[in-house]
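# Descriptive structure summary
Spelled out, the chains give:
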Amino acid sequence: MSNLTSWKHAYRIPALCVLAYAIVLGLLTVPAIQREFLFLHHVPIPLFADFNYPEKYGLAPFKSRNLRLNTSDGVEIGAWHILVYQSHNPFPPQTPLSVDIFDQALIQRPTIIYFHGNAGTRAISQRVRSYSAFSNNLDCNVIVIDYRGFADSSGIPSEEGLLIDARTAYDYAWDIMDKAGLDQDEIQNNIILAGQSLGTGVVSGLAGRLAAEGIKPRALVLIAPFTSITDLILSYRIFRFIPILGPLGVFPSVQRYFQTHLHHTFNSVKALEKTSSPTLILHAINDNTIPYSHSAGIFSSLSALLTDPQTTVEEVTYSGWGTVRSFQRGNNGEVVWWEGQNGGHDNLGWAEGTIDLIARIAKL
């Protein structure tokens, strides 16, 4: 009898795990819960951030200004504008810089509009390192936003909402340059779109919509991108630990059922196929959040669009650092994919070497 009891206890734990997994899957079909898991916008990192003082998070004194941008659908989003200001005397400035200086900076130097990943805010340390590298090493302005529902931004996140937020940031920079008298070609050539993780879906979606209007940003930079959320969910682990649909690989029809119930798909491949900007893809093979195979998929999708049979993919491997693959899209510039040996998910965009590739793709 005791052996029977022991067997019952032995089976109880696996049964409870299966039940818990089934409950999680069921909950993920609920739109509100799915939204929480995808965006993780209620994860406030760093805690109690004071966005009025970017200096607290690693940026130099008075180098940045805190902005409030209003979207076309009535949402207010928080943003920082970080500029290149080494020419100011004294350095660093001892008092806040005028609005005119920030506006002039957008006219005088290229601007990187940066879209971060899920969870946390624009004040997270690894994100701030990216802004600093873009500003100091590439001599670019940086505009970074917190999407609706994140940080000090109002609203509730959604795929469409994030794309509206992205367009709001783009239009903010565009309007300042337009008022200064720059023509459309000069303005679009002055703006680089960069995103990391979830932000690559935002960059891709925005770039696709701009392409439909005949607008071509100077370059697109995709850091640890994914082909689509529909694909990513097959391998993604919540908090890098809890698998979503991976264990259902033996039941393809069940996987497809859950895939069709995604409310925010961010199909980067489809959006990028409409674009013609020079494009850089950065991904490390030790990324435990988004498999680097997603970058291979994006690169293959773009190379499949080539119409010139003479175009070839060049490949250069650097021992200990990674492999750079590239091809030329006629007058539309390069597509470059760096398959890195190290960097994980979060430590790519600001590192030496990858910064040089951003300079290469954007001709800085």
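First, a word on scope: everything that follows refers to the structure included in this document. Everything quoted here is computed from the prediction, not taken from an experiment.

You can see Phe150 is positioned in the loop between β4 (141-145) and α5 (159-179). Residue classification places Phe150 among the buried residues on the basis of a relative accessible area of 0%. Through-space distance from the C-alpha of Phe150 to that of Arg122 is 9.1 Å; in sequence the pair is 28 residues apart. Here Phe150 is in contact with Phe39, His41, His116, Gly117, Asn118, Ala119, Gly120 and Pro157, once residues within four sequence places are set aside.

In this section: helix α3 (residues 99-108). Buried within α3 we find Phe102, Ala105 and Leu106. With its buried residues spanning 100 degrees around the axis, α3 presents them on a single face. Exposed positions of α3 whose direction lies more than 90 degrees from the buried face are Asp100 and Gln108.

Moving on, we get to the pattern of salt bridges. When charged atoms on two side chains of opposite charge get close, those side chains can pair. All told, the structure shown has 14 salt bridges when counted by the stated rule. The partner of Asp50 in a salt bridge is Lys56, with the nearest N and O atoms 3.3 Å apart. Glu315 serves as the salt-bridge partner of Arg325, at 3.1 Å between the closest nitrogen and oxygen. A residue pair is termed long-range when its members are at least 10 positions apart, and Arg325 in strand β11 (residues 322-328) and Glu315 in strand β10 (residues 314-318) qualify at ten residues. Judged by its relative accessible area of 52%, Glu315 is exposed. Members of the salt-bridge network, linked through shared partners, are Arg68, Glu76, Arg122, Asp146 and Asp152.

Next up on the list: the packing of aromatic side chains. Under the criterion given, the structure shown has twelve aromatic pairs. With a centroid separation of 6.5 Å and an interplanar angle of 75 degrees, the aromatic rings of Phe39 and Phe266 are classed as edge-to-face. Taken as a pair, Phe39 in helix α2 (residues 31-39) and Phe266 in the loop between α9 (252-259) and α10 (268-272) lie far apart in primary sequence, 227 residues in all. A relative accessible area of 0% places Phe39 in the buried class. Its relative accessible area of 2% is what places Phe266 among the buried residues. By the ring-pair criterion, three or more aromatic residues cluster together here, those being Phe51, Tyr57, Trp80, Tyr114, Tyr131 and Phe134. Lying across the ring of Phe51, Arg122 places its NZ or CZ 4.1 Å from the centre.

Grouped together as the largest cluster of nonpolar side chains are 56 residues, with contacts concentrated most on Ile113, Phe115, Tyr170, Leu193 and Phe266. By residue number, the principal contributor to this core is α5, which donates ten residues. Discounting chain neighbours no more than four positions away, the residues touching Ile113 are Ile143, Ala169, Tyr170, Ala173, Ile191, Ile192, Leu193 and Ala194. Among the nonpolar cores identified, the runner-up in size contains 35 residues, and Leu348, Ile358, Ala359 and Ala362 belong to it.

On to helix α7 (residues 198-212). Taking 1.5 Å of rise per residue, the 15 residues of α7 would be expected to cover 21 Å, and the 22 Å separating its terminal C-alpha atoms lies within 8% of that figure. Counting buried positions along α7 yields twelve of 15 residues, so the element is predominantly enclosed. All of the buried residues along α7 are Leu198, Gly199, Thr200, Gly201, Val202, Val203, Ser204, Gly205, Leu206, Ala207, Gly208 and Leu210. Where α7 is buried, its residues meet α2, β3 (111-115), α5, β5 (191-196), β6 (219-223) and α10. Just downstream of α7, Gly214 is the residue with a positive phi angle, here 80 degrees.

On to the packing of α5 against α7, then. The packing of two helices is summarised by the inter-axis angle and the distance between the axes. Running from amino to carboxyl end, α5 crosses α7 at an angle of 70 degrees, the nearest separation of the two axes being 9 Å. When the axis of α5 is compared with that of α7, the two are roughly perpendicular. Taken as a pair, α5 and α7 cross one another with a handedness that is right-handed. Residues Glu160, Leu162, Leu163, Ala166, Arg167 and Tyr170 of α5 form the contact with α7, whose own contacting residues are Leu198, Val202, Gly205, Leu206, Arg209 and Leu210. By residue class, the composition of the contact of α5 with α7 is eight nonpolar, one polar and three charged.

How each quantity is defined
- Residues numbered from 1 in each chain as written.
- Predicted model: local features only at pLDDT ≥ 70, side-chain atom pairs only at ≥ 80, totals over all residues.
- Heavy atoms only, no water.
- Helix = DSSP H or I, 4+ residues; strand = E, 2+ residues; numbered from the N terminus.
- Buried < 20%, exposed > 50% of the residue type's maximum accessible area, 1.4 Å probe, protein only.
- Contact = heavy atoms within 4.5 Å.
- Arc of directions from axis to C-beta.
- Salt bridge = Lys/Arg side-chain N within 4 Å of Asp/Glu carboxyl O.
- Phe/Tyr/Trp six-rings, centres within 6.5 Å; stacked < 30°, edge-to-face > 60°.
- Lys NZ or Arg CZ within 6 Å of the ring centre and 35° of its normal.
- Core = buried A, V, L, I, M, F, W, Y, C linked by side-chain atoms within 4.5 Å.
- Expected span 1.5 Å × (residues − 1).
- Axes fitted to C-alpha atoms, helices over the stretch in contact; angles between N-to-C directions.
- Parallel < 35°, antiparallel > 145°, perpendicular 65-115°, else oblique.
- Left-handed = near helix turned anticlockwise from the far one by under 90°.
- Nonpolar A, V, L, I, M, F, W, Y, C, P; charged D, E, K, R; others polar.

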